[in-house]
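# Chains, contacts and geometry: an overview
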Amino acid sequence: MNRYWSSVVHTLTPYVPGEQPKQTDLIKLNTNENPYPPSPRALQAMAAEAAESLRLYPDPNAERLKQAIADLHGLTPAQVFVGNGSDEVLAHTFLALLKHESPLLFPDISYSFYPVYCGLYDIAFKQVPLTEGFEIDPDDYRITNGGIIFPNPNAPTGRLLPLTAIRAILDNNRDSVVVVDEAYIDFGGESAIALVNRYPNLLVIQTFSKSRSLAGLRVGFALGNAELIEALERVKNSFNSYPLDRFAINGAVAAIEDRVYFTETCQRVIATREHLTQQLITLGFQVLPSAANFLFVRHPGWDAGELAARLRERSIIVRHFRQPRIDQFLRITIGSDQQTQRLCEALADILE
Ligand code: PMP
């Protein structure tokens, strides 16, 4: 016990992000960053912001960015919320929309930040087991709840839930908010944004960290009915008026405008993912079908922790979760073709 700490601090078990090593010559396949640089237009827009105007606060409502996101998805700015990375958007969502008497539901294997937010905000929750094949079964979400949240594609499995299944979850849960965390949707999934105008209880959250190569900028957003967005704005404006700085607002707008670059880099990541999947299967791995920028794999003959350690000796870092059900899996981010080649050579060498 620390007498200076508030009582809540004693109860917290904070989230531990994947390692960001100081060593720069590592092949870093552990935190699902994009191997390609941000759009040159985004970089240019941010460079232009390194100017005298930094003496002024940014727009507290980031209206340019909200308009750009709304236009991109055929919605109105009142249906858009923006935050400092989707982690911040998620945090506000937990407090604004998911804290109720009945427990919040999320899969037993999903983004490990969810239980951390529940701890921070004192939210009751129930983890719903994925099926044997690590899939979400919509029927498992027909129980009393104060809200539902899941990543789609799921993390760290990469498995995609089709829109028909999401509709089934929404149809069975009209009285609570359903949040779809689409951090990885641009790598081949169908977004639930198409359902936002049909379901007033649906909130879709996305990020610029993965498909737009801007993890370092910290921009995330949520799309939903204007009343859901207003709840998020109330929490945000009780916490930080300026979560997005001038670089973030202008860089993110320019990244959206550069549609060609976005499509090309996503296609490259998808092509590498499909190629790597085949190579890993040839090496004897079991590979879950992935619609994300990572693969979730296991090797029947090798302990996953041991494999991760051996890769690290060869300067390649991947993510291993010491967690029930998945402690024999590795999550491998899709890197460039060259990094992927190095990975396969190292694995072949280790397995020999
Ligand atoms: N949701 C999921 C499922 C994630 O894996 C991540 C990345 N760790 C995030 C949200 C948060 O991403 P960011 O805060 O960079 O937008």
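Remember, it's a predicted structure, so these values are computed and weren't measured experimentally. (Residues numbered from 1 in each chain as written. Predicted model: local features only at pLDDT ≥ 70, side-chain atom pairs only at ≥ 80, totals over all residues. Heavy atoms only, no water.)

### Some words on empty space enclosed by the protein
- The tally for this structure, following the rule as stated, stands at 2 cavities of 30 Å³ or more.
- Taken as a whole, the largest cavity holds about 60 Å³ of empty space.
- In this structure, the largest cavity is lined by Asp 59, Pro 60, Asn 61, Ala 62, Lys 66, Phe 81, Val 82, Glu 233, Lys 236, Pro 243, Leu 244 and Ile 249.
- Of all the secondary structure elements, the ones that give two or more residues to the lining of the largest cavity are β2 (80-83) and α7 (226-236).
- Split into classes, the residues belonging to the lining of the largest cavity amount to 7 nonpolar, 1 polar and 4 charged.
- In this model, the second largest cavity occupies a volume close to 50 Å³.
- The wall of the second largest cavity is formed by Ser 39, Ser 211, Arg 212, Ser 213, Ala 255, Asp 258, Tyr 261, Phe 262 and Thr 265.
- A per-element tally of the lining of the second largest cavity places helix α9 (residues 259-282) first, with 3 residues.
- Counted by class, the lining of the second largest cavity contains 3 nonpolar, 4 polar and 2 charged residues.
- Mapping the lining of the second largest cavity onto the domain boundaries places at least three of its residues in each of domain 1 (19-37 + 260-351) and domain 2 (40-257). (1 Å grid on protein atoms, 1.4 Å probe; cavity = no way out; pocket = protein on both sides within 12 Å on 5 of 7 lines; lining within 4 Å. Points joined across faces, edges and corners; volume = space filled by probe spheres on them. Helix = DSSP H or I, 4+ residues; strand = E, 2+ residues; numbered from the N terminus. Nonpolar A, V, L, I, M, F, W, Y, C, P; charged D, E, K, R; others polar. Domains from an automatic or database assignment.)

### Digging into the packing of helix α2 (residues 40-49) against helix α8 (residues 246-257)
- Their axes nearest at 7 Å, the elements α2 and α8 cross at an angle of 155 degrees. By the angle class used here, α2 and α8 are roughly antiparallel. Between α2 and α8 the crossing geometry is right-handed. Where α2 abuts α8, its residues Arg 41, Ala 42, Ala 45, Met 46 and Glu 49 lie against Arg 246, Phe 247, Asn 250, Gly 251, Ala 254, Ala 255 and Glu 257. (Axes fitted to C-alpha atoms, helices over the stretch in contact; angles between N-to-C directions. Parallel < 35°, antiparallel > 145°, perpendicular 65-115°, else oblique. Left-handed = near helix turned anticlockwise from the far one by under 90°. Contact = heavy atoms within 4.5 Å.)

### Notes on the pattern of salt bridges
- Taken as a whole and assessed by the stated rule, the structure comprises 13 salt bridges.
- One salt bridge in this structure joins Glu 274 and Arg 273, with 2.9 Å as the shortest N-O distance.
- With a closest N to O distance of 3.1 Å, Arg 314 and Asp 349 form a salt bridge. Of this pair, Arg 314 sits in the loop between α10 (304-313) and β11 (316-318) while Asp 349 sits in helix α11 (residues 337-351), and the two are 35 residues apart along the sequence.
- Overall, Arg 314 belongs to the partly exposed group, its relative accessible area being 30%.
- Overall, Asp 349 belongs to the partly exposed group, its relative accessible area being 42%. (Salt bridge = Lys/Arg side-chain N within 4 Å of Asp/Glu carboxyl O. Buried < 20%, exposed > 50% of the residue type's maximum accessible area, 1.4 Å probe, protein only.)

### Considerations on the domain arrangement of the protein chain
- According to the domain assignment, the protein chain consists of domain 1 (19-37 + 260-351) and domain 2 (40-257).
- Relative placement of domain 1 and domain 2: their C-alpha centres are 25 Å apart.
- Between domain 1 and domain 2, the residue contacts involve 27 residues of the former and 25 residues of the latter.
- Interface area lost by domain 1 to domain 2 is led by Phe 262, Ala 291 and Arg 325, which between them contribute 30%.
- At the junction of domain 1 and domain 2, the tally comes to 1 salt bridge.
- The closest approach of N and O atoms between Arg 325 and Asp 108, which form a salt bridge, is 2.9 Å.
- Linking domain 1 with domain 2 are 9 residue pairs in polar contact (both at pLDDT 80 or more).
- Contributing elements (two or more residues each) for the side of domain 1 that touches domain 2: α9 and β10 (294-298).
- Among the residues making up the side of domain 1 that touches domain 2, the classes are represented as 16 nonpolar, 7 polar and 4 charged. (Buried area = accessible area lost by both parts, 1.4 Å probe. Polar contact = N/O pair within 3.5 Å; in protein donor to acceptor, adjacent residues only side chain to side chain.)

### Observations regarding unusual backbone geometry
- Omega for the bond connecting Asn 152 with Pro 153 falls within 30 degrees of zero, at -5 degrees, which places this linkage in the cis form.
- Cis geometry is found at the peptide bond from Ala 155 to Pro 156, where omega equals 5 degrees.
- Relative to the assigned elements, Pro 156 resides in the loop between β5 (147-151) and α6 (163-171).
- One non-glycine residue, Ser 315, lies in positive phi territory at about 65 degrees.

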